[in-house]
Amino acid sequence: MTVTDKWVASVRYRSNHLLLLDQQQLPHNTVYLNVTTIEHVWDAISKLKVRGAPAIGIAAAYGLTLWSNAEKETDLNTFLEKLKKQRDYLASSRPTAVNLFWAIDRVTAAAQSASSVAEAKLRIEQEAQNIQAEDEEICRKIGEYALSLLQDGDSVMTICNAGAIATSKYGTALAPFHLAKEKGWNLSVYANETRPVLQGSRLTAWELQSNDIDVTLITDNMAAHTLKTKNIKAVIVGCDRVAANGDTANKIGTFGLALQAKALNIPFYVACPLSTLDLNTKSGDDIPIEERPEEEVTHINGVRIAPKGIKVFNPAFDVTPADYISAIITEKGVVEGNYIESLSQLKEEETN
Ligand code: MRU
């Protein structure tokens, strides 16, 4: 299925199938994959066809729904045991974004109190739909709080794509730019291209340009010079997992940007839905960092750009220590300073 709309949803659920925006084909083709099985969902997540922490969680929740709707088991206990196995299977698709585990655990938990298989199936589907619907509102709130830290006319830098297509709508780090547009503000965005997978050039540049938001693309090694010379007022990034102490895993290159921002005295903000906050992970040292195939580094669009046999290190994420983060922007407000206390308080408020 091909679409031409400006505002494009990454995940669309249609009871017996899922339409997933194939982000590997952007910006050339805006194409939806027709996904009918949990194995298709696993594959789409691991190959970055659906990517971005919240969107991964949403797709995975629907992956369990697709499995559950097709499952023939009639005994409730056996159904729930099988559900846990499917949950573990999806958990193996990618390691870093905690939203994956948060979403599949939420869906699995929702089924536990059902009194029949039919009820369990309904609960699974409803929980997946709730996760997607809530995410839209969460992103809007993050955008509003982020805007309160900016002014009309500001230039802001970002990396990777923490945009509408990485979430249910609006995005996290890109939400303020979408909301500023609605408000009639002019914000300028400098987007790092984000080697090696190019989420900045392929996705952020495309998403912002399609929404008539002023965006300028730079390569990653131009960031320090751009921060210094282009009057950048802030750096805003998304996150894949924020540890209890505020240490933040996000796309590789984020830590470098944080170091540069600190050296130049520019505020560095992390946009973080509480679903990405993992209080069970004490610090950044405990966050598993995904390493991806070496072809992402040695090839561009299938063309080799490095000698055969070269050793390659390809971590997909890095960890920015909390000390380098000026503030964490959540849907419940902006926190700064003592992250250990403030983040655990926010999580407590969320669960009550
Ligand atoms: O490897 P990706 O493209 O899934 O990495 C995505 C990021 O690092 C995003 O910044 C993060 O998931 C936040 S998306 C709102």
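Residues numbered from 1 in each chain as written. Predicted model: local features only at pLDDT ≥ 70, side-chain atom pairs only at ≥ 80, totals over all residues. Heavy atoms only, no water.

Broken down by element type, the chain carries eleven helices and 16 strands. Taking 2.2 N^0.38 as the reference for a compact globule, 352 residues should give roughly 20 Å; the C-alpha atoms of the chain span a radius of gyration of 20 Å, in line with that estimate. Here the chain holds 352 residues, and the buried ones make up 58% of them. Put simply, of all contacts in the chain between residues at least 6 apart along the chain, 74% involve residues at least 24 apart. As displayed, the chain has an accessible area near 15000 Å², and 49% of this comes from carbon and sulfur atoms. Counting 35 positive and 44 negative side-chain charges, the chain places the centres of these two groups 5 Å from one another. (Helix = DSSP H or I, 4+ residues; strand = E, 2+ residues; numbered from the N terminus. Rg over C-alpha atoms; globule rule 2.2 N^0.38 Å. Buried < 20%, exposed > 50% of the residue type's maximum accessible area, 1.4 Å probe, protein only. Contact = heavy atoms within 4.5 Å. Areas by Shrake-Rupley, 256 points an atom, 1.4 Å probe, with all protein chains shown as cover. Lys, Arg positive; Asp, Glu negative; His and termini not counted. Charge placed at Lys NZ, Arg CZ, Asp CG, Glu CD.)

Here we take up the environment of lysine 228. When you line up the elements, lysine 228 lands in helix α8 (residues 223-229). Spatially, the C-alpha atom of lysine 228 lies 53 Å from that of serine 68, the residues being 160 residues apart in sequence.

This next bit is on the sheet that holds strand β1 (residues 11-14). Spatially, three strands are ordered β1-β2-β3 in an open sheet, and the strand pairing comes out antiparallel. Two strands bound the open sheet, and with one partner strand each, they are β1 and β3 (32-35). Put simply, the sheet's adjacent strands are angled 20 degrees from each other on average, direction ignored. The pairing of strand β2 (residues 17-21) with β3 spans four bridges and is classified as antiparallel. By the bridge assignment, leucine 19 is partnered in β3 with asparagine 34. Its contacts with the sheet place helix α2 (residues 53-70) against β1, β2 and β3, and it is angled at close to 20 degrees to β1. (Pairing = 2+ DSSP bridges. Axes fitted to C-alpha atoms, helices over the stretch in contact; angles between N-to-C directions.)

Here the focus is the UniProt feature "site: Transition state stabilizer" (unreviewed entry) in the chain. Sites flagged by UniProt as "site: Transition state stabilizer" (unreviewed entry) map to Cys160. With respect to the helices and strands, the residue cysteine 160 is situated in the loop between β4 (155-158) and α6 (175-183). Not counting residues up to four positions away in its chain, the partners in contact with cysteine 160 are Arg51, Asn192, Thr194, Gln199, Gly200, Thr204 and Lys251. (UniProt positions renumbered as here; feature names shortened; annotations may be inferred.)

All right, on to the site of the ligand then. Among the 17 residues in the neighbourhood of the ligand, the closest are listed as Arg51, Ala53, Asp240, Asn250 and Lys251. One of the backbone nitrogen or oxygen atoms of glycine 52 is found 3.0 Å away from an oxygen atom of the ligand. Residue alanine 53 places a main-chain N or O atom 2.8 Å away from an oxygen atom belonging to the ligand. In isolation the ligand offers 420 Å² of accessible surface; the protein chains occlude 99% of this area. At a threshold of 2 Å from the grid points, most atoms of the ligand map onto the largest cavity. Per-class residue counts for the shell around the ligand are seven nonpolar, six polar and four charged. Both domain 1 (11-138) and domain 2 (145-351) contribute no fewer than three residues apiece to the shell around the ligand. (Near = heavy atom within 4 Å. Polar contact = N/O pair within 3.5 Å; in protein donor to acceptor, adjacent residues only side chain to side chain. 1 Å grid on protein atoms, 1.4 Å probe; cavity = no way out; pocket = protein on both sides within 12 Å on 5 of 7 lines; lining within 4 Å. Sits in = over half its atoms within 2 Å of the grid points. Nonpolar A, V, L, I, M, F, W, Y, C, P; charged D, E, K, R; others polar. Domains from an automatic or database assignment.)

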